[in-house]
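# Descriptive structure summary
The residues making up each chain are set out below.
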Amino acid sequence: MASAGSAANASAAAKFWDYFQQERAQIQALIEGSQDAGTRLRALDSALREAFIYLPGYDQKKLLAELEGLRTLLHKRNSASSRNTGFRFKAASTKPRTAAQPPPSKQPEPPLLAERPTQAPAGNSGVFSFTGVSNQWIVASSNLADNSAGSADCELRDISHCVIDLRPVAGSLRALNCHRVENSLIICGRFSGSATVRDSKHCVMVLGVRQLRFESSCHVDVYTYCTSHPIIEKSSDMRFAPYPQPFGLQMTDPLPNLYDKVEDFNWLKRQHSPNWSLIADDEPLSTSIWRLLEDQQGDGQLGRVLECLP
């Protein structure tokens, strides 16, 4: 005979399933009607993750797949809108150089993070995005935090051989989404939202978040302050450690750092999953990276940092 607890979970799961399907249909209609659906999509994502406590594993995977389908549809809509408006990402402004001009004496300033225009109503914040970037050291402009009023998303897509420092805008973020990031270092300070990383490899990621999820990724070292169990799915050779002290992250949240309570959705046995492990406190690799970051504008620093990646 089923216990009262299992019956209550089954009832809650059934109610959430109905709620999710209604929201999914409405969000899809908004996207297809060229209306802003980002806020409702983020709310549905948060609700789904909170429902993991009683949803069966099969339902979790199915609803996550449906949610990813909505994200893909929204991204295609936003990409089409950007092309229609003739918008192009631009790095920090540089004047054309002529043959008479001497070469610069130092490395140029890194490009600032650009804001993608959306069709959201006036007053809604945009989505900050970098796409198709390689071999650059990027530092987000601090004025983005002033403009976003604490409610912006950041997307990183198709990033290769880069250092991307989002600490200046961390206080303005509600979500960080990374897709196809390779051979790069991503740094972000503490914010109360979620970070999702997909199809990424050979990276170091420094993140202070409430929720953290990796999908279809491998060979990633994760330094995090995460107040919920980090999740990995279809991922391997993942390593975790607490947020590094050299970055001076101020912790005011009384919730503990659960960086070492990783849940592998593809490993259901009682034994420890072979797909993740912890990074030793004195590992030379990590200490080398932090030391190099202190002098980011030095000659050849980007290459030296990238040499330390897993």
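Here the structure is a predicted model, which is why all the values come from computation and not from measurement. (Residues numbered from 1 in each chain as written. Predicted model: local features only at pLDDT ≥ 70, side-chain atom pairs only at ≥ 80, totals over all residues. Heavy atoms only, no water.)

This part takes up the pairing of strand β8 (residues 194-198). Burial of β8 is extensive: five of the five residues sit out of reach of the surface. Burial along β8 is two-sided: Ser194, Thr196 and Arg198 facing one way and Ala195 and Val197 facing the other are all buried. Taken together, the five bridges between strand β6 (residues 173-182) and β8 define a ladder with parallel strand orientation. Within β8, the position partnered with Ala175 by the bridge is Ser194. Here β8 runs beside strand β10 (residues 211-215); their pairing, made up of five bridges, is parallel. Paired with Ser194 across the strands is Gln211, a residue of β10. (Buried < 20%, exposed > 50% of the residue type's maximum accessible area, 1.4 Å probe, protein only. Helix = DSSP H or I, 4+ residues; strand = E, 2+ residues; numbered from the N terminus. Pairing = 2+ DSSP bridges.)

Glancing now at the confidence of the model for the chain. Per-residue pLDDT for the chain averages 76, and the proportion of residues at 70 or more is 72%. Highest mean pLDDT in the chain belongs to strand β15 (residues 276-278) (96); lowest belongs to strand β1 (residues 115-116) (38). Across residues 85-100 the pLDDT falls below 50, and counting only partners more than four positions away or on other chains, this stretch makes 16 contacts in the model. The low-confidence segment residues 102-125 (pLDDT under 50) makes 61 contacts with residues lying over four places distant or belonging to another chain. (pLDDT = per-residue confidence, 0-100. Contact = heavy atoms within 4.5 Å.)

With that out of the way, let us pick up the side chain of Asp165. In this fold, Asp165 is placed in strand β5 (residues 163-165). According to the relative accessible area criterion, Asp165 is buried, its value standing at 5%. Within the structure, the side chain of Asp165 is placed 2.6 Å from the side chain of Arg167, a separation counted as a polar contact. Setting aside residues up to four positions removed in sequence, Asp165 forms contacts with Ile138, Val139, Ala140 and Ile187. (Polar contact = N/O pair within 3.5 Å; in protein donor to acceptor, adjacent residues only side chain to side chain.)

We now examine the pattern of salt bridges. Counting across every chain of the model gives 14 salt bridges. Close ionic contact of Arg198 with Glu68 constitutes a salt bridge, the shortest N to O distance being 3.1 Å. One end of the pair, Arg198, is in strand β8; the other, Glu68, is in helix α3 (residues 57-84), with 130 residues separating them in the sequence. By relative accessible area, which is 4% here, Arg198 ends up buried. (Salt bridge = Lys/Arg side-chain N within 4 Å of Asp/Glu carboxyl O.)

In this model, Asn135 sits at a positive phi of 55°, which is unusual for a non-glycine residue. Considering the arrangement of structural elements, one finds Asn135 in the loop between β2 (127-134) and β3 (137-139). A relative accessible area of 54% places Asn135 in the exposed class. Unusually for a residue other than glycine, His219 sits at a positive phi of about 55°. Position of His219 relative to the elements: it lies in strand β11 (residues 218-226). In this structure His219 comes out as partly exposed when scored by relative accessible area, which is 31%.

Let us look at the pairing of β6. In terms of burial, β6 is a largely internal element, seven of the ten residues being buried. Examined bridge by bridge, strand β4 (residues 152-160) and β6 share eight bridges and lie parallel to one another. Bridge pairing in β6 places Leu156 opposite Cys178.

Relative to the 18 Å expected for 13 residues at 1.5 Å per residue, helix α2 (residues 38-50) spans 19 Å between its end C-alpha atoms, a close match to the ideal helical length. Among the residues of α2, Gly38, Leu41, Arg42, Leu44, Asp45, Ala47, Leu48 and Arg49 are the ones counted as buried. (Expected span 1.5 Å × (residues − 1).)

The final tally for this structure, using the stated rule, is four aromatic pairs. Residues Phe16 and Phe20 carry aromatic rings whose centres are separated by 6.2 Å and whose planes lie at 45° to one another, so their mutual orientation is tilted. Highlighted residues: Phe16 and Phe20, both in helix α1 (residues 4-32), separated by four residues, approximately one helical turn. The same class applies to Phe16 as to Phe20, namely buried. Here the aromatic rings of Phe240 and Trp276 are separated by 6.2 Å at their centres, their planes lie at 85°, and the arrangement is edge-to-face. Taken together, the positions of Phe240 in strand β13 (residues 236-242) and Trp276 in strand β15 put the pair 36 residues apart, joining distant regions of the chain. Exposure remark for Trp276: the relative accessible area of 9% places this residue in the buried category. Aromatic ring contacts, followed pair by pair, group Phe16, Tyr19 and Phe20 into a single cluster. (Phe/Tyr/Trp six-rings, centres within 6.5 Å; stacked < 30°, edge-to-face > 60°.)

For the rest of this paragraph, the subject is the side chain of Asn257. Within the fold, Asn257 resides in the loop between β13 and β14 (263-264). In terms of polar contacts, Asn257 uses its side chain to reach the backbone carbonyl oxygen of Thr224, at 3.0 Å. Within the structure, the side chain of Asn257 is placed 2.9 Å from the backbone nitrogen of Cys226, a separation counted as a polar contact. Setting aside residues no more than four positions away along its own chain, Asn257 makes contact with Thr224, Tyr225, Cys226, Pro242 and Tyr243.

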